[in-house]
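# Coordinate analysis (summary)
Next come the chains, spelled out residue by residue.
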There are 2 protein chains.
Amino acid sequence: MTKNINRKEYLESKPRLLPSVSIDCVIFGFSNNQLKILLLKFKNTDFYALPGGFISIEEDLSDAALRVLEERTGLRDIYLEQFYVFGSKDRRYDQTHQKIMEGNGIILKPNHFLLDRFISIGYYALIDFSKANPAPDDLSDSCEWYDLDKVPSLVFDHNQILQKALETLRSDLDTKLVGFNLLPETFTINEIQRLYETILGEKLVRSNFQRKILSLGILERIEKKMTGAANKAPYVYRFVGQ
Amino acid sequence: MTKNINRKEYLESKPRLLPSVSIDCVIFGFSNNQLKILLLKFKNTDFYALPGGFISIEEDLSDAALRVLEERTGLRDIYLEQFYVFGSKDRRYDQTHQKIMEGNGIILKPNHFLLDRFISIGYYALIDFSKANPAPDDLSDSCEWYDLDKVPSLVFDHNQILQKALETLRSDLDTKLVGFNLLPETFTINEIQRLYETILGEKLVRSNFQRKILSLGILERIEKKMTGAANKAPYVYRFVGQ
DNA sequence: ACAAAAGTGTTCTCCATACACCCATGG
DNA sequence: CCATGGGTGTATGGAGAACACTTTTGT
């Protein structure tokens, strides 16, 4: 339903959208000991971009972000954090937008709103990788996970936005205990440690990390996990937010 | 000059402004052991508000904030930090805007842009109280300092914006060493401590605070300050950002 | 001499680090 | 029995809290 609205509005350029404002979502996932983000690739181009969208005139900013997230991942109740607004006066990407739309067989009229200057509100989202079902939008032909260290060059200022999101995530990691949102319901201490290590980009001492995390009092020990590996079976924990 | 633009645009409602976006500035000052903020009072009303404004279509967001700050305080090169975007769908304050403009002898046409929904980007600014020359804008008849604990009820959601600014300032205080922007060029350790105490809202132990601040290695001892009081004269320091 | 505030020193505790050691598991 | 990784114990160092002590100023 919302997709229809978007589609129509792209074509008509008479949107019931908040003018000159967009949102961009840096969607983090964690799999295979890699921090990953979700990127779109626009049809018939080499253009990669963060998932984003516009705000309906009757929609909260955060609801717009949640809507985008649901459309791209199929998930609701996603952990979301607004982190910065990008508003340089140069934020007008008319040529790029023209090319993107050309790839979709659309020529934008000269006064189309997409050709104007936009400010973009950055949100980062943390999701359970195993539950996400990435889905492209109307303008793109792929929506896929990319390892953080293999992110291609992105359109607009999206590389900067990603960078800022990552910095914010790093500094939020300990204070807001945000990392658990990237893990499935149950996990081992080792998995948390790998997660922290990839986000922070540094090795942590296993034994100390274990104590630190357990001392937070937010983990509940469930059972032992028999991995089949030739070593002691780790406990499986569940996050219990107070 | 910029004032003329604003004035004209209020009346014409054909602005060369970024639509649906505003900025609001929480301007902090420190005097008399009190943290203060600068508020406007609109003409012929009881409406108090944070200084704010709109963004020219050819202006960076932060430049717009700096312009507002200069217009209200006469100061340039102000310490500025973007802290949040307020974008609830209810952020449409048509009646209040009508009343504000009525106080200025202006009736807004029904389709005037001021009656639309706005998102507002919050900036907080830290300034040297002793250097500021508060000046009202065209719509207000006063621009004055208010003690933080005596802030009146503000229009729109400005009380919430102020609250969020204060929280951000508190958490930035230690990590970004932001407090010194509120002090004049030279100051005593005691003055810094009073500043920290008022911002954080708690008493700090003098001797420990002294060591902590000096151990940062960002203060240069200048001279002794003879206060005329019956006690040891404190040293005067200068901030030396690396 | 005394009060008041500035500056410095000392102790204690807590927490993070580093590292050692034991435990469980499958080959 | 051994290799591997999970879980816990212990010593060390640095930072902050609490408090004592000295120094400097004006009355």
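The name an unreviewed UniProt entry gives chain A is NUDIX hydrolase, with Emticicia oligotrophica as the organism.

Here the focus is helix H5 (residues 189-200) of chain A. Because each turn of an α-helix spans 3.6 residues, side chains separated by three or four positions end up pointing in the same direction. Residue and element names in this part refer to chain A. With 12 residues, H5 extends 16 Å between its outermost C-alpha atoms, agreeing within 8% with the 16 Å of an ideal straight helix rising 1.5 Å per residue. Among all positions in H5, only Ile189, Ile192, Gln193, Leu195, Tyr196, Glu197 and Ile199 are buried. Looking one or two residues beyond H5, the residue adopting positive phi is glycine 201, at roughly 70°.

A few words on the domain arrangement of chain A. Residues and elements named next belong to chain A. What the domain assignment lists for chain A is domain 1 (2-179) and domain 2 (183-239). Distance between the C-alpha centres of domain 1 and domain 2: 32 Å. A buried area of about 1,300 Å², summed over both sides, lies between domain 1 and domain 2, and 63% of it is on carbon and sulfur atoms. The three residues of domain 1 that bury the most area against domain 2 are Phe30, Leu173 and Leu177, which together make up 39% of that side's buried surface. Counting every contact that joins domain 1 to domain 2 gives two salt bridges. Linking aspartate 174 and lysine 212 is a salt bridge whose minimum nitrogen-to-oxygen distance equals 3.3 Å.

Looking now at the layout of surface pockets. Quantified by volume, the largest pocket comes out at close to 1,400 Å³. In terms of lining residues, the largest pocket is bounded by 50 residues, among which Gln82, Phe83 and Tyr84 of chain A together with Gln82 and Phe83 of chain B are the most central. Elements with a minimum of two residues in the lining of the largest pocket: helix H2 (61-73), strand S5 (79-86) and helix H4 (158-175) of chain A together with helix H2 (61-73), strand S5 (79-86) and helix H4 (158-175) of chain B.

On to the environment of threonine 73 of chain A, then. Residue and element names in this part refer to chain A. Tracing the backbone through its elements, the reader meets threonine 73 in helix H2. Of the residues examined, threonine 73 reaches a relative accessible area of 0% and is grouped as buried. When the C-alpha positions of threonine 73 and lysine 131 are compared, they lie 8.3 Å apart, and in sequence the two are 58 residues distant. Leave out the neighbours within four places in its chain, and threonine 73 touches Ile27, Leu38, Ile78, Ile127, Lys131, Ala132 and Asn133. Only 2.6 Å separates the side chain of threonine 73 from the backbone oxygen of leucine 69, close enough to count as a polar contact.

Definitions and cut-offs
Residues numbered from 1 in each chain as written. Chains lettered and ligands numbered in written order. Predicted model: local features only at pLDDT ≥ 70, side-chain atom pairs only at ≥ 80, totals over all residues. Heavy atoms only, no water. Helix = DSSP H or I, 4+ residues; strand = E, 2+ residues; numbered from the N terminus. Expected span 1.5 Å × (residues − 1). Buried < 20%, exposed > 50% of the residue type's maximum accessible area, 1.4 Å probe, protein only. Domains from an automatic or database assignment. Buried area = accessible area lost by both parts, 1.4 Å probe. Salt bridge = Lys/Arg side-chain N within 4 Å of Asp/Glu carboxyl O. 1 Å grid on protein atoms, 1.4 Å probe; cavity = no way out; pocket = protein on both sides within 12 Å on 5 of 7 lines; lining within 4 Å. Points joined across faces, edges and corners; volume = space filled by probe spheres on them. Contact = heavy atoms within 4.5 Å. Polar contact = N/O pair within 3.5 Å; in protein donor to acceptor, adjacent residues only side chain to side chain.

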